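The residues making up each chain are set out below.
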Amino acid sequence: MTVEMASPPALEARSLYRFYRAGEEETLALQGVSLSVEHGEFVAVTGPSGSGKSTLLACLAGMDDPDGGSVRIAGQRISHRPEPVRARIRARHVGMLFQNANLLEHLTVGQNLSLVRSLGGRGQRAKGPDLLSLLGLSQRAASYPGQLSGGEVARAGLAVTLANAPAVLLADEPTGELDSVTESHVLDLLVEAAGRGTAILVASHSPAIAAAADRVVCLDDGRLC
């Protein structure tokens, strides 16, 4: 009889601690946070400003290292490893979407997509023109970020985030500056990405994001509540 091994979660964090020191003061930004997100699951993280949401996302993405605990992306440990290793895992498996988008201003939309695909080593797995067409940006591939409207910047940032069909998509207040129509469009695309198997974790105050998510977790004072 063959025993099938369950695949690991797309994202798994165990007992994360992060603290900062400023002179005599010590701030505990994360205090034993554990969570996991399965492939195809959309999770929203809510909580007041200063609760640790941005710190949590930075640790999950390997942009910051926790002082305690561990993070695994697609079964690979990303925490407590040299930065070149973290950067490689990030490029291959993680898409990041932030409030100020993630576009390099000196590159066109198409060039931003090409750069992300080359860094991720995915070749033609996610074709830029098709993705831009899906987002209604096929006529803007040669435009620079400064030539785009706010809604177009948000959609172009999402295109870059999805360019490598990431296993995990992490977003920090991605719709904070958007009107309700554009926010709804971005949410539809995030839900579609989850439907294709991407694990999505979004930190936001938006009720619309919480309503669209499969699961909502609350962070307060560095702890899950």
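Residues numbered from 1 in each chain as written. Predicted model: local features only at pLDDT ≥ 70, side-chain atom pairs only at ≥ 80, totals over all residues. Heavy atoms only, no water.

### Quick word on the overall build of the protein
Then, number 1: Scanning the protein from terminus to terminus reveals 7 helices and 10 strands.
Then, number 2: Along the three orthogonal principal directions, the C-alpha set of the protein runs to about 50 × 50 × 35 Å.
Then, number 3: Looking at the 225 residues of the protein, the share that counts as buried comes to 49%.
Then, number 4: Relative to all contacts within the protein whose residues are 6 or more apart in sequence, the contacts with residues 24 or more apart total 70%.
Then, number 5: Working note: accessible area of the protein is about 10,900 Å², and carbon and sulfur atoms make up 51% of it.
Then, number 6: If you average the places of the 20 positive and of the 24 negative side-chain charges in the protein, the two averages end up 10 Å apart. (Helix = DSSP H or I, 4+ residues; strand = E, 2+ residues; numbered from the N terminus. Buried < 20%, exposed > 50% of the residue type's maximum accessible area, 1.4 Å probe, protein only. Contact = heavy atoms within 4.5 Å. Areas by Shrake-Rupley, 256 points an atom, 1.4 Å probe, with all protein chains shown as cover. Lys, Arg positive; Asp, Glu negative; His and termini not counted. Charge placed at Lys NZ, Arg CZ, Asp CG, Glu CD.)

### Things to note about the environment of proline 145
Then, number 1: Here proline 145 is to be found in the loop between helix H4 (128-134) and helix H5 (150-162).
Then, number 2: For the pair proline 145 and glycine 95, spaced 50 residues apart in the sequence, the C-alpha separation amounts to 19 Å.
Then, number 3: Excluding residues that lie within four positions of it along the chain, proline 145 makes contacts with Leu103, Leu104, Glu105, Leu107, Asn112 and Val153.

### Overview of the sheet that holds strand E4 (residues 68-73)
Then, number 1: One open sheet holds the 4 strands; their spatial order is E2-E1-E4-E5, and the pairing between them is antiparallel. Each end of this open sheet is capped by a strand with a single partner; those strands are strand E2 (25-37) and strand E5 (76-77).
Then, number 2: Pairing of E4 with E5, which is carried by 2 bridges, proceeds in the antiparallel orientation. Bridge pairing in E5 links isoleucine 73 to glutamine 76.
Then, number 3: Helix H1 (residues 53-60) rests against strand E1 (11-22), E2 and E4 of the sheet, and its axis sits at about 120° to E1. (Pairing = 2+ DSSP bridges. Axes fitted to C-alpha atoms, helices over the stretch in contact; angles between N-to-C directions.)

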